Amino acid sequence: MSSIRCIQVNLHHAKGASSVLSRRFTKEQLGVALIQEPWVNHKKIRGLTSPDKFTQRDIVAVTLTVPTTRGKQEVVVASAYFPGDQDVIPPPEVDALVRYCRAVNKPFLIGCDANAHHTIWGSTDVNERGEYLLEYLSSHDVNVCNKGNEPTFVTVARQEVLDLTLCSAAFADKIKTGMSLKKLVYLITDRLSST
């Protein structure tokens, strides 16, 4: 079976975390890294290659051509940060990407630091941002791929699930997920051919 191995990670703007990710990317033969809060220096993402054409402040989106049993299919893969100090959720750039993908009928996968709490995706409570985001996801046919409730944000004071992986509804059954050691790994499989 053909697949693309993906990892989702929040680097917390750390240079060292970028270095560790680069080594893991090669060692684990990963195909895609969905990164939130990358190391930034002089207003540029550092330590990682980023496609400038698709890079905005809080979102990076690329189109991948995925081999399937029935030929090749394009999939939009994005990484996004939803600033916790903004009232609009998801951010307009993410909404525009979702609307674009729906308009051109392309499946999508978005890894994001949503800064929103909801028990649906494993948070310990529900906040207003979580309610707004869940309403948006439901009304736009966007699925949450997270499984379980392993925290993605951990401090001395609390643990929470804030990092989400979202996908188009028609794409949800094409993703195999597995959570272990605070990392979410995705396999986009050759079952894409059935979309």
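Higher on the page you've got the structure.
Bear in mind the structure is a predicted one, so any value in this text is a computation, not a measurement. (Residues numbered from 1 in each chain as written. Predicted model: local features only at pLDDT ≥ 70, side-chain atom pairs only at ≥ 80, totals over all residues. Heavy atoms only, no water.)

### Concerning unusual backbone geometry
In step 1: I89 connects to P90 through a cis peptide bond whose omega is -5°.
In step 2: Tracing the chain through its elements places P90 in the loop between β6 (71–81) and α2 (92–103).
In step 3: The backbone phi angle of N115 is positive, close to 50°, even though this residue is not glycine.
In step 4: Mapped onto the elements of the fold, N115 is located in the loop between β7 (108–113) and α3 (128–139).
In step 5: Phi at D141 is positive, roughly 55°, even though this residue is not glycine.
In step 6: Mapped onto the secondary structure, D141 falls in the loop between α3 and β8 (142–144). (Helix = DSSP H or I, 4+ residues; strand = E, 2+ residues; numbered from the N terminus.)

### Here we look at the side chain of H117
In step 1: Tracing the sequence through the fold places H117 in the loop between β7 and α3.
In step 2: A relative accessible area of 10% means that H117 is categorised as buried.
In step 3: Side chain to side chain, H117 and D125 meet in a polar contact 2.6 Å long.
In step 4: Once residues within four sequence positions are removed from consideration, H117 is found in contact with S123, D125, V126, N127, G130, R158, E160 and L162. (Buried < 20%, exposed > 50% of the residue type's maximum accessible area, 1.4 Å probe, protein only. Polar contact = N/O pair within 3.5 Å; in protein donor to acceptor, adjacent residues only side chain to side chain. Contact = heavy atoms within 4.5 Å.)

### Overview of the nonpolar core
In step 1: F82, L97, I110, C112 and L133 are the most contacted members of the largest nonpolar core, which has 23 residues in total.
In step 2: Going through the elements one at a time, β5 (59–68), β6, α2, β7, α3 and β11 (163–168) are the ones with two or more residues in this core.
In step 3: A total of 4 residues in this core trace back to one element, the largest contributor, which is α2.
In step 4: Beyond its immediate sequence surroundings of up to four residues, F82 is in contact with I89, P90, P91, V94, C112, D113, A114, N115, R129 and L133.
In step 5: Among the nonpolar cores identified, the runner-up in size contains 10 residues, and V32, V75, C167 and F171 belong to it. (Core = buried A, V, L, I, M, F, W, Y, C linked by side-chain atoms within 4.5 Å.)

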